[in-house]
Amino acid sequence: LYIGVFDHDIGPWSHQGLGRVTVDLRELKPHTTYTLRYNLYSSPVISQRKAKGSITIRIRISTDSETKALLSTLNPQLIHVNVKRRKTLEVARFTCYGKYREDVYHMKILRAYIDELLEYMESLSFEINYAIDSLFFWRGQVAFGRFKLPINSMIAYLSAIHVVER
């Protein structure tokens, strides 16, 4: 569910998008009323962003068959939205894509993707260092009852002895 908040301009000027939010309906249980509060952002892609306000919504999912609703998410239908005025098209685009569209080149989007890759590299580096430390310093990796045994370290040690003694 895409929700956009705009100011209303009269005349030829376009409505300015104040913020948008995307609600994942798969996280909500049917026949339950939710009161949700979300921060509004102008773009879902930009990593360094500030909230432009907040919105509180009340939502309830009603469905006849939960199985049909679940299976419909596996094969989503393509929906076309036809509008008469350009202002309405800009409102729909902002609501769906945000201020910066991902299919159009923009330096802020490129920077956001680079930041995301750097975060992945940092977390991968941490995980590799942790795995190496765990392997060489015989830290427990496999839970066995209440204890953690260094099974991976034992396997690496025995394999190294086998290779050297051959």
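Please refer to the structure higher up on the page.
Residues numbered from 1 in each chain as written. Predicted model: local features only at pLDDT ≥ 70, side-chain atom pairs only at ≥ 80, totals over all residues. Heavy atoms only, no water.

Caption draft 1: Molecular detail of the overall build of the protein. Helix and strand counts for the protein come out as four helices and six strands. Ordered by position in the sequence, the α and β elements of the protein form the string β-β-β-β-α-α-α-β-β-α. For the protein, whose C-alpha radius of gyration is 25 Å, the value lies well above the compact-globule estimate of 15 Å for 166 residues. Oriented by its inertia axes, the alpha-carbon framework of the protein measures out at about 85 × 45 × 30 Å. Counting across all 166 residues of the protein, residues that qualify as buried make up 17%. Across the protein, the fraction of contacts at a sequence separation of at least 24, relative to all contacts at a separation of at least 6, is 42%. As displayed, the protein offers around 13,900 Å² of accessible surface, 58% of which is attributable to carbon and sulfur atoms. With 23 positive and 16 negative side-chain charges, the protein shows a separation of 7 Å between the mean positions of the two kinds. (Helix = DSSP H or I, 4+ residues; strand = E, 2+ residues; numbered from the N terminus. Rg over C-alpha atoms; globule rule 2.2 N^0.38 Å. Buried < 20%, exposed > 50% of the residue type's maximum accessible area, 1.4 Å probe, protein only. Contact = heavy atoms within 4.5 Å. Areas by Shrake-Rupley, 256 points an atom, 1.4 Å probe, with all protein chains shown as cover. Lys, Arg positive; Asp, Glu negative; His and termini not counted. Charge placed at Lys NZ, Arg CZ, Asp CG, Glu CD.)

Caption draft 2: The arrangement of the environment of P150 in detail. Tracing the sequence through the fold places P150 in the loop between strand 6 (147-149) and helix 4 (151-165). On the basis of relative accessible area, P150 is assigned to the buried category, the value being 15%. Through-space distance from the C-alpha of P150 to that of S134 is 8.2 Å; in sequence the pair is 16 residues apart. Dropping the residues within four chain positions of it, P150 is found in contact with W138, R139, G140 and Q141.

Caption draft 3: Main features of the nonpolar core. Listed in full, the 10 residues of the largest apolar core are I3, V21, V23, L28, Y34, L36, L40, I55, I57 and I59. Broken down by secondary-structure element, the contributors of at least two residues to this core are strand 3 (33-39) and strand 4 (54-60). The leading source of residues in this core is strand 4, at three residues. Apart from residues no more than four positions distant in its own chain, I57 is found in contact with I3, V23, Y34, T35, L36 and Y38. (Core = buried A, V, L, I, M, F, W, Y, C linked by side-chain atoms within 4.5 Å.)

Caption draft 4: Representation of the packing of aromatic side chains. The full count for this structure, using the stated rule, is one aromatic pair. Geometrically, the ring pair formed by F6 and F94 is edge-to-face, given 5.3 Å between the ring centres and 70° between the ring planes. Of the two residues, F6 sits in strand 1 (residues 2-6) while F94 sits in helix 2 (residues 86-97), which places them 88 residues apart along the sequence. Classification of F6 as partly exposed rests on a relative accessible area of 23%. (Phe/Tyr/Trp six-rings, centres within 6.5 Å; stacked < 30°, edge-to-face > 60°.)

Caption draft 5: Fine view of a nonpolar patch on the surface. A cluster of nonpolar side chains, contributed by W138, F144, F147, L149, M154, Y157, L158 and I161, occupies part of the molecular surface with about 830 Å² of accessible area. Elements supplying a minimum of two residues to the nonpolar patch: strand 6 and helix 4. For the nonpolar patch, the element with the most residues is helix 4, which contributes four residues. Secondary-structure assignment places I161 in helix 4. Exposure remark for I161: the relative accessible area of 35% places this residue in the partly exposed category. (Patch = residues over 30% accessible without salt bridge, like charges linked within 9 Å, V, L, I, M, F, W, Y side chains within 5 Å. Salt bridge = Lys/Arg side-chain N within 4 Å of Asp/Glu carboxyl O.)

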